[in-house]
Amino acid sequence: MHALAHMVKVKKLKVVDSGFRVTDTSFRSDVNAAIKAFTWKENNLSDSEMDAVWDCVHQSAGWDQGYVDSFVNQDKLPPANDPELPKTKEKGGKPMHEWMKHIDSFLQGLITLEGRGDFTTGICSRCRSPELEAKYRCLCCDNFGLVCQGCMVSSHHHMPFHRIEVWNGSYFSQSSLKALGLRIQLGHPAGEQCPFPNQTWGDDFIIIDCDQIHSVGLNYCGCGQSPKGQVEQLLERRLYPATVVNPKTAATFRVLELFELLQYESKLSTYEFYQTISRLTDNTGVREPKDRYPTLLRIVHQWRHLKLLKRTGRGHDPIRGAAETRPGECALLCPPCPHPGINLLEGWENAPKDLKFLYALNLALDACFRMKRKDCSSEEVDPGLSKGFAYVVEEKAFQEYLKKHDKETEPKSTCSRHDAVNLADIRPGQGYASSGIATVECSRHDFKRPCAVCDMQRGER
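Colleague: Explain the packing of aromatic side chains to me, using residue names and the numbers behind them.
Modeller: This structure, assessed with the given rule, holds eight aromatic pairs. Pairing Trp167 with Phe172 gives two aromatic rings, centres 5.0 Å apart and planes at 65 degrees, and the pair type is edge-to-face. Comparing Trp167 with Phe172 shows no difference in burial state: the two are buried. On the basis of an interplanar angle of 45 degrees and a centroid distance of 5.8 Å, the ring pair of Trp348 and Tyr359 is categorised as tilted. Linking Trp348 in the loop between helix H11 (293–311) and strand E12 (363–368) with Tyr359 in the loop between H11 and E12, this pair joins segments that are eleven residues apart in sequence.

Colleague: Give a description of the nonpolar core that names residues and reports values.
Modeller: Within the largest apolar cluster, 18 residues are counted, with the highest numbers of intra-cluster contacts made by Cys124, Tyr136, Val147, Met152, Ile164 and Leu180. Taken together, the elements giving at least two residues each to this core come down to strand E3 (136–138), helix H7 (149–154) and strand E4 (164–167). With sequence-adjacent residues up to four places away left out, Leu180 is seen in contact with Tyr136, Gln149, Met152, Val153, Ile164 and Ser175. In this structure, Ile208, Tyr240, Ala242 and Phe259 belong to the second largest nonpolar core, which totals 17 residues.

Colleague: Give a detailed account of the confidence of the model for the protein chain, specifying residues and quantitative values.
Modeller: Mean pLDDT for the protein chain: 81, with 75% of residues reaching 70 or above. Taken as a whole, residues 1–6 scores under 50 in pLDDT and shows nine contacts with residues more than four places along the chain or in a different chain. Contacts of residues 27–43 to residues separated by more than four positions or lying in other chains number 42 contacts, the stretch itself having pLDDT below 50.

Colleague: Mind laying out the sheet that holds E4, listing which residues take part and the relevant values?
Modeller: Judged by pairing direction, the sheet is antiparallel, and its three strands sit side by side in the order E3-E4-E5 without closing on themselves. Each edge of the open sheet is held by one strand with a lone partner, namely E3 and strand E5 (172–175). Direction aside, the axes of adjacent strands within the sheet are offset by 35 degrees on average. In this sheet, E5 lies alongside E4 in antiparallel orientation, the contact comprising four bridges.

Colleague: Residue-level account of unusual backbone geometry, with values.
Modeller: Located in the positive-phi region is Arg128, a residue other than glycine, with phi close to 60 degrees. Mapped onto the secondary structure, Arg128 falls in the loop between helix H6 (103–114) and E3. The class for Arg128 is exposed, based on a relative accessible area of 58%. Unusually for a residue other than glycine, Asn246 sits at a positive phi of about 45 degrees. For Asn246, the location among the structural elements is in the loop between strand E10 (239–241) and strand E11 (249–252). Judged by relative accessible area, which is 49%, Asn246 ranks as partly exposed.

Colleague: Tell me about the packing of helix H10 (residues 270–281) against H11, residues and numbers included.
Modeller: Closest axis-to-axis distance for the H10/H11 pair is 10 Å, and the angle between their directions is 125 degrees. As summarised for this structure, H10 and H11 are arranged oblique, according to the angle between their axes. Crossing handedness for the pair H10 and H11: right-handed. Residue-level contacts link Thr270, Tyr271, Phe273 and Tyr274 of H10 to Tyr293, Leu296 and Leu297 of H11. Grouping the constituent residues of the contact of H10 with H11 by class yields six nonpolar, one polar and no charged.

Colleague: Let's hear about the side chain of Thr439: which residues, and what values?
Modeller: Within the secondary structure layout, Thr439 lies in strand E15 (residues 436–442). In this structure, Thr439 is in contact with Ala364, Leu365, Asp366, Lys448, Ala452 and Val453, ignoring residues within four places of it in sequence.

The rules behind the values
- Residues numbered from 1 in each chain as written.
- Predicted model: local features only at pLDDT ≥ 70, side-chain atom pairs only at ≥ 80, totals over all residues.
- Heavy atoms only, no water.
- Phe/Tyr/Trp six-rings, centres within 6.5 Å; stacked < 30°, edge-to-face > 60°.
- Buried < 20%, exposed > 50% of the residue type's maximum accessible area, 1.4 Å probe, protein only.
- Helix = DSSP H or I, 4+ residues; strand = E, 2+ residues; numbered from the N terminus.
- Core = buried A, V, L, I, M, F, W, Y, C linked by side-chain atoms within 4.5 Å.
- Contact = heavy atoms within 4.5 Å.
- pLDDT = per-residue confidence, 0-100.
- Pairing = 2+ DSSP bridges.
- Axes fitted to C-alpha atoms, helices over the stretch in contact; angles between N-to-C directions.
- Parallel < 35°, antiparallel > 145°, perpendicular 65-115°, else oblique.
- Left-handed = near helix turned anticlockwise from the far one by under 90°.
- Nonpolar A, V, L, I, M, F, W, Y, C, P; charged D, E, K, R; others polar.

Set out below in structure tokens:
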């Protein structure tokens, strides 16, 4: 420390191997003036020139020798700015500070889009016909201006699930492509109409998409050009039907894919997802869409099962159908665990005795009696789709096994009061079908084994 009249005590930054280290030290108050004098633009100084620079800084600015040495040892020049100065709050939030200067222009832009904006002539921006009133706009397309009814329909033959609004003289109100005359023709190329179309029953077909629940006009092919049935014609257009007989509701593939990822990443429930789409359709409550929440639940259940079969190669077996899937065939095996014929070398069973532990499979039993299942349904009302295909055991075979061991009781512990043992034979209570879940898993990697998850009947039994 220099014995001078004007000394300032601050926290110093010292360069270390892992970055900077904060140290308390003192220096003369004219350090900023010294730094300003050294604005180096190049790094090709010789060792003697580098030492001279640091000696000058050390003497004039009053920097302690340890702080100087931390830079000299790494062949670094004096910093262009004072490292002790605190970072300004604006530096990290510079984009936000810049945006705050333009709040009014952003607000004006949003308000302009609520009305006609610059399109006040009433002439269609596409066909330029003065005889046709331009009062329609699409919220999903680029803002290319207001168009007439004919241009709106013709430009959306390949995009039938866009959101349409119409200018009523005072504001934009919700409309639909169905109201404008657009018909979705299945079994034919987009834009081509069937000479003998079969209209959907009731002509009130509902399609659930990512941003709206659409009521559309939909026709099946009736001329014989497409030999496919109604379900196949819908799937061909990436529409998943809710039923296989006279479907009146379908979900787009993209909304099912979106919800699948959203649920994995954010734990979003099906109800919350459906309510979000419903509010995007109408957030005023004046014209609520038809309730298709139970339908979406069923579609999602089927979609996940089909994805399971697809990802495990069950769609490429020319002999066995999906119903003939073997037990545990769709389960994902623990990658690090030993699997003969997969990740073990030939002759592994002949390994020396002192190396056999390398090929051991360590399994553990686990159970949770807090995961109770209420007795609110049955196999007849809500049949399971995976009959032991993955991790959960096949229900029919499991129930037959339980009947054979129904009279067995778990011996009570005489040396401890462990509830998992002493309460193993306690039934879950009225209104419950199972008292929890039991699993067999890899004890090293916590990976569930194929066909190794089942319901418990009494306590942790």
